[in-house]
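Each chain, written out:
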Amino acid sequence: MDIKDITEFLRTYDGENLSFMEVCGTHTAAISESGIPSLLSDKIRLISGPGCPVCVTVADYIDRLCELALMENTCVVTFGDLIRVPGSESALQETKSKGGRIQMVYSPFEIIDLAKQDENTMFVFAAVGFETTTPIYAVLLEKIMENHIQNIQLLTALKTMPAAIDALCQMDGKIDGFIAPGHVSVITGANAFKPLAEKYDLPFVVSGFQAQELLASIYALVKLRGQGKVLNLYKSAVTESGNEKAKHLVNKYFEPCDAVWRGIGKIKHSGMALKEEYSRYDAGSRALVNDHVRNKKCRCGEVITGFVSPCECPLFAKACTPENPQGACMVSNEGSCFHYYINNRGQ
């Protein structure tokens, strides 16, 4: 079936109402930017799930970064998308204006040169991500130890996707299938989603990121509805078993732990924390368990879990915009609120 036939099928679909969730921030961006929702029948609904690592990071984590940045002889090193994420009291950019020491980088490995140049400062990297980025931090830790660097620590908020999807399936929201995360699947392999597919009788389709690939994945989900199967439509990058070398490296330095997700709460064994023998490189990650929302009207938690669309939040496009974000979903360039806003989706 060619893409024209697939698009026509999805446009004219007139069966039961179906809701499919993507759990990848890059998929969220691609779906919005390509206008895919406008090509679908009203009976097919796409929901953006917890696929943005910045969006699911709790306020406690931001608060700890702000605290560290204000400590003597300490510098927080981070990517730019965390700078404006609100904590319970302030964001990192506000902490910087109060004298906090914060260094933005484009690669985590830049922290090694920073640490070598200033051995009197403890540099703390804000290590946020899913299975895709955890191997990078394992490599970083190896390089830190190889270079005998004593003034680098990680503050981790590293999470694993299958446990979060399991928690979502146990909630009251109706989800008929998942567009499985492409980048995560490169590491985990497509088979990582088989237990969930079989447990809940739901289809999972591993998708690439082009509009045609996503449309083909949505078509496959419609055809597979009610079946507990996993279909890999991203075979150019994803195998059934994943990247064994990357998984081995992660397991060398990290171990599963309970983790708190913004909007979902604590999920057992859904995080990865440094093992005890590497605890000297940890800046207090395991203690970050609270999610205090600064603006009580913010509905980021319900957006992340698919219970409301961004447009249903009373702050969306009013008090909350990319220039003045009230929640993490409007800050990150993978956030669903950000993409609903800049692409006029649903407005």
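Above this text sits the structure in question.
Keep in mind the model is a prediction, meaning the values are calculated, not measured. In this convention, every chain numbers its residues from 1, walking through the sequence in written order. Where totals are concerned, whole chains, interfaces and linings use all residues; where local detail is concerned, this predicted model gives features only for residues with pLDDT of at least 70, and gives and counts side-chain atom pairs only at 80 or more. Computation of side-chain values covers all heavy atoms of the structure but excludes hydrogens and water.

Asks: Lay out the layout of surface pockets with the relevant residues and their values.
Replies: Rolling a probe over the atoms, with the probe sized like a water molecule, indicates the empty space that remains. Grid spacing is 1 Å over the protein atoms alone, the probe is 1.4 Å, and a cavity is where that probe fits but cannot get out, while a pocket is an open set with protein on both sides within 12 Å along at least five of seven lines and lining residues have an atom within 4 Å of a point. Grid points are joined across faces, edges and corners, and a volume is the space filled by probe spheres set on the points. Here the largest pocket defines a volume of roughly 470 Å³. Contributing to the lining of the largest pocket are 26 residues, with Pro53, Val128, Gly129, Thr133 and Glu334 lying nearest its centre. Those elements that place two or more of their residues in the lining of the largest pocket are α2 (25-33), β5 (122-129), α6 (134-146) and α8 (182-188). Three categories are distinguished: nonpolar for Ala, Val, Leu, Ile, Met, Phe, Trp, Tyr, Cys and Pro, charged for Asp, Glu, Lys and Arg, and polar for the others, with Gly belonging to the last. Grouping the amino acids of the lining of the largest pocket by side-chain chemistry returns 15 nonpolar, nine polar and two charged. There is about 290 Å³ of room inside the second largest pocket. Taken together, 19 residues line the second largest pocket, and the ones lying closest to its centre are Asp258, Ala259, Val260, Ser285 and Leu288. Every element with two or more residues in the lining of the second largest pocket is listed here: β6 (152-159), β10 (254-261) and β11 (265-274). Taken together, the residues of the lining of the second largest pocket sort by class into eleven nonpolar, four polar and four charged. To qualify as a helix, a DSSP run of H or I must reach at least 4 residues; to qualify as a strand, a run of E must reach at least 2; elements of each kind are numbered from the N terminus.

Asks: Any details on the packing of helix α1 (residues 3-12) against helix α10 (residues 211-224)? Residues and values, ideally.
Replies: Relative to each other, α1 and α10 sit at 55°, their axes nearing to 10 Å. Relative to α10, the element α1 lies oblique. Once α1 is placed against α10, the crossing between them reads as left-handed. Mapping the contact onto sequence places Ile3, Ile6, Thr7, Phe9 and Leu10 in α1 and Gln212, Leu215, Ala216, Ile218, Tyr219, Val222 and Lys223 in α10. Its residues placed into classes, the contact of α1 with α10 shows nine nonpolar, two polar and one charged. Where helices are involved, their axes are fitted lines through C-alpha atoms of the stretch in contact, as for all axes, and angles between N-to-C directions lie from 0 to 180°. Oblique is the label for any angle not covered by the other classes, which are roughly parallel (under 35 degrees), roughly antiparallel (over 145) and roughly perpendicular (65 to 115). Left-handed describes a crossing whose near helix is turned anticlockwise from the far helix by less than a right angle; the clockwise case is right-handed. Contacts were defined at the residue level, with two residues in contact if any of their heavy atoms lie within 4.5 Å.

Asks: Please set out the packing of α6 against helix α11 (residues 244-253) residue by residue, giving values where relevant.
Replies: It is the contact of α6 with α11, at a shortest axis distance of 9 Å, that shows an interaxial angle of 60°. Our classification of the angle between α6 and α11 gives oblique. As for the relative orientation of α6 and α11, their crossing is left-handed in sense. Across the interface between the two elements, Thr134, Pro135, Ala138, Val139, Leu141, Glu142 and Met145 from α6 touch Ala246, Leu249, Val250, Lys252 and Tyr253 from α11. When the residues that make up the contact of α6 with α11 are grouped by side-chain class, the tally is nine nonpolar, one polar and two charged.

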